[in-house]
Amino acid sequence: MADDEVKARHTSNNAPGDAPYDARLIVVSEEPLNAETPLAEQSGLLTPTPLFYARNHFAIPALASDSWRLRVGGAVECPLTLTYDDLRALPAKTLTVTLECAGNGRAGLHPPAEGEPWKYAAVSTAAWTGVPLRTVLDLAGAHPQVVEVRFRGADSGYVAAAQAHISFERSLPIAEATNDDVLLAYEMNGEPLPPRHGFPLRLVVPGWYGMAAVKWLTEITASLEPFTGFYQADRYIMAHPERGDASARPLTTMGVRSLIVSPANQATLPANEPQIIRGLAWSGAAPVERVEVSTDGGVAWEAAELLDAATPYAWRRWRLSWQPKRRGSISIRSRAFDAAGNTQPDEAEWNRLGYCNNAVQTISVQLVMPDHFPT
Ligand SMILES: Nc1nc2c(c(=O)[nH]1)N[C@H]1C(S)=C(S)[C@@H](COP(=O)(O)O)O[C@H]1N2
Ligand SMILES: [Mo]
């Protein structure tokens, strides 16, 4: 596609940086836009791009592909300045990757933790196309002493907790940065990234919580020291005040988790008809191997059918046929197991910033006889 075409597609609708969002998104905050995917729309393996959850710390920057540049520097043999076309000309690959915000599930923590009150659907899956980060690091010739690679996005703003105007910046340990599946992605589900999801270029770190996937990339810096910026050292860490700050661990891979997509929480269902319970399950550590469902409050568990093949980085859809045996209020819960032996805890691990709540989710439904069914 010609540069001009790309530019036209992405600037005509910038107000301030994106098309109006889809009315079906569940908005947690308007400015900056933070929104969950409506579960009812999550029936495919891939989340339709307009319904992909959005997590932004600042206003969405409006970047034009012809004036945008990616600078690669720091401890490298030859610093690079790459154009959009340069990147698109390099060998590309496509990976299906589930992205989950580390704050997903925060609203389920008691007492409430600070941060966006995400429920359970700040998670989505896309097919991402781009250049392995490693290719670009090799072109620049990263020095052997490099310990981390740092990424800067074009978005910035004043952050009260940091008492400074800062950019969104993150780093990756060199071992992860040189993993062949870490992508500099320019396409999502076969189309150029929309502004909201990082146009023209974002990082995709398969298996890791979303904060690692820096959007609107402008600078990549090979570094001889660990990065201590706000979003690296003060946020996206598991902080337990009672254990002291030194015990805080930086977040990496997504915990194993399953989600019930259907029936919806609080749904009313006919008590005399067979039902299908459907959901999603993923883990950043290893593919999901098994999902179990309980319809009796967690006493008996039955294995669900997994619908998608196990792939390294994408969730799997699951379903279970269920014949309700009584009327009234029934709780349904699901739990996933991954190939590394992880499963979901019954209770969330409370932490100050409210991350990584992968506890078993419980929904409740009302089973009524058809003559009592609301019309
Ligand atoms: N530049 C930049 N990159 C960013 C963010 C951001 O605010 N700015 N948010 C991060 C977080 S916390 C998440 S969960 C993902 C969300 O990506 P999405 O909005 O495409 O779903 O982007 C990450 N990359
Ligand atoms: Mo996030």
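These numbers come from a predicted model, not from an experiment. (Residues numbered from 1 in each chain as written. Chains lettered and ligands numbered in written order. Predicted model: local features only at pLDDT ≥ 70, side-chain atom pairs only at ≥ 80, totals over all residues. Heavy atoms only, no water.)

Asker: Teacher, can you tell me more about the domain arrangement of the protein chain here?
Answerer: In many analyses, interface size is given as the accessible surface area lost on bringing the parts together. For the protein chain, the assigned domains are domain 1 (34-250) and domain 2 (257-372). Taking only C-alpha atoms, the centre of domain 1 and the centre of domain 2 are 29 Å apart. Tallying the contact residues gives 41 residues for domain 1 and 24 residues for domain 2. Buried surface at the junction of domain 1 and domain 2, both sides included, amounts to about 3,100 Å², of which 58% is carbon and sulfur. Inspection of the domain 1/domain 2 interface yields 3 salt bridges. Notably, a salt bridge pairs Glu114 with Arg352, separated by 3.8 Å at the nearest N-O pair. Summed over the shared surface of domain 1 and domain 2, the number is 18 residue pairs in polar contact (both at pLDDT 80 or more). Where the side of domain 1 that touches domain 2 is concerned, the elements lending two or more residues are β6 (93-100), β7 (123-132) and β14 (237-238). When residues in the side of domain 1 that touches domain 2 are grouped by element, the largest group, 5 residues, is from β6. (Domains from an automatic or database assignment. Contact = heavy atoms within 4.5 Å. Buried area = accessible area lost by both parts, 1.4 Å probe. Salt bridge = Lys/Arg side-chain N within 4 Å of Asp/Glu carboxyl O. Polar contact = N/O pair within 3.5 Å; in protein donor to acceptor, adjacent residues only side chain to side chain. Helix = DSSP H or I, 4+ residues; strand = E, 2+ residues; numbered from the N terminus.)

Asker: Sorry if this is basic, but what is going on with the site of ligand 1 here?
Answerer: In the vicinity of ligand 1 there are 20 residues, among which Tyr53, His57, Asp155, His197 and Lys215 approach most closely. Here an oxygen atom of ligand 1 sits 2.7 Å away from a polar atom, N or O, in the side chain of His197. Ala213 is positioned such that a nitrogen or oxygen atom in its backbone is 2.9 Å from a nitrogen atom of ligand 1. Calculation on ligand 1 without its partners gives an accessible area of 540 Å², and the protein chains cover 100% of this total. (Near = heavy atom within 4 Å. Areas by Shrake-Rupley, 256 points an atom, 1.4 Å probe, with all protein chains shown as cover.)

Asker: Would you explain the sheet that holds strand β19 (residues 288-294) in this entry?
Answerer: Sheet strands pair by backbone hydrogen bonding; their relative direction is either parallel or antiparallel. Ordered in space as β17-β24-β23-β19-β20, the 5 strands form an open sheet in which the pairing is mixed. Of all strands in the sheet, those bounded by a partner on one side alone are β17 (268-270) and β20 (302-303). Two elements, β19 and strand β23 (residues 328-338), share 6 bridges in a ladder whose sense is antiparallel. Residue pairing in the sheet places Glu292 in a bridge with Arg335 of β23. (Pairing = 2+ DSSP bridges.)

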